[in-house]
Amino acid sequence: MSTLKQAKAPEQALVVGRITSVYGVKGWVKLYSHTEPMTGIFDYKHWWLKTPSGWKVVELSQGRTQGRGLVAAIKGYHDRDQVKEICGFDIYVDAKDLPELEDGEFYWSQLEGLKVITKEGVLLGKVSQLMETGANDVLVVKGCEGSYDREERLIPYAPDQFILDIDLEKQEMVVDWDPDF
């Protein structure tokens, strides 16, 4: 019997992790978290899952680190056979439930899709994604309609060094970057 509850889609669904597999025999699951720190996924008690039959919501009962990963108990799931129905689904939260950030801080989801313009006014493209590296995060900027070229650029996310301004209302970012680099 399914314990998934039909749910209305979140206003702005953001992926924060994934239920990867069953853990143990009591209905726990292994998780992959996109949050920083990784245990931040436990700050959200209701998780939306996008299933083939529509949006479903589950409620976090308990969560903890286990070795290098995370495990969680979901309310209403009590054995490994039952919990298999939610394995493999991404975990979403509603953007309105994210904590407020300090001035000058941004969520990655806010930066994706921004136009990237040099300080001289040259359109380089749009942010297609961000990558986490050891030293600093990196913007992946892909050429778009009207851009300098169709090249993909990797620009370090280094505010005040390469990233000069971010304007979410205008949906653009100004960078100190040579278009030929």
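The coordinates are above.
Below is a summary of the structure that appears in this document.

Calculation rules
- Residues numbered from 1 in each chain as written.
- Predicted model: local features only at pLDDT ≥ 70, side-chain atom pairs only at ≥ 80, totals over all residues.
- Heavy atoms only, no water.
- Pairing = 2+ DSSP bridges.
- Helix = DSSP H or I, 4+ residues; strand = E, 2+ residues; numbered from the N terminus.
- Axes fitted to C-alpha atoms, helices over the stretch in contact; angles between N-to-C directions.
- Core = buried A, V, L, I, M, F, W, Y, C linked by side-chain atoms within 4.5 Å.
- Buried < 20%, exposed > 50% of the residue type's maximum accessible area, 1.4 Å probe, protein only.

What follows concerns the sheet that holds strand 10 (residues 138–142). Strands sit in the order 11-10-9-8-13-12 across an open sheet of six strands; the sheet is mixed. Of all the strands in the sheet, the pair left with one neighbour each is strand 11 (152–156) and strand 12 (163–167). Sheet twist, expressed as the average angle between the axes of neighbouring strands with direction ignored, equals 35°. By the bridge criterion, four bridges tie strand 12 to strand 13 (residues 172–175) in an arrangement that is antiparallel. Within strand 13, the residue paired with Ile-166 across the bridge is Met-173.

Another aspect to go through is the nonpolar core. Counting 24 residues, the largest nonpolar core has Val-29, Leu-31, Ile-41, Trp-47, Ile-86 and Ile-91 as its most contacted members. Counting residues per element, the ones that place at least two in this core are strand 2 (13–23), strand 3 (28–33), strand 4 (46–51), strand 5 (54–66), strand 6 (69–74) and strand 7 (90–94). Broken down by element, the residue count for this core peaks at four residues, all from strand 2. By size, the runner-up hydrophobic cluster in this structure holds 15 residues, among which are Leu-124, Ile-155, Ile-163 and Met-173.

Side-chain direction in a regular strand flips from residue to residue, so the side chains alternate between the two faces of the sheet. A large share of strand 6 lies buried, amounting to five of its six residues. Two strands pair when backbone bridges link them, and strand 3 and strand 6 are joined in this way by four bridges, in the antiparallel orientation. Within strand 6, the residue paired with Trp-28 across the bridge is Ala-73. Looking at chain direction, strand 5 and strand 6 are connected through six bridges and run antiparallel. Bridge assignment links Gln-66 to a residue of strand 6, and that residue is Gly-69. Connecting strand 5 to the next strand, strand 6, in antiparallel fashion are two residues, including Gly-67 with a positive phi near 65°.

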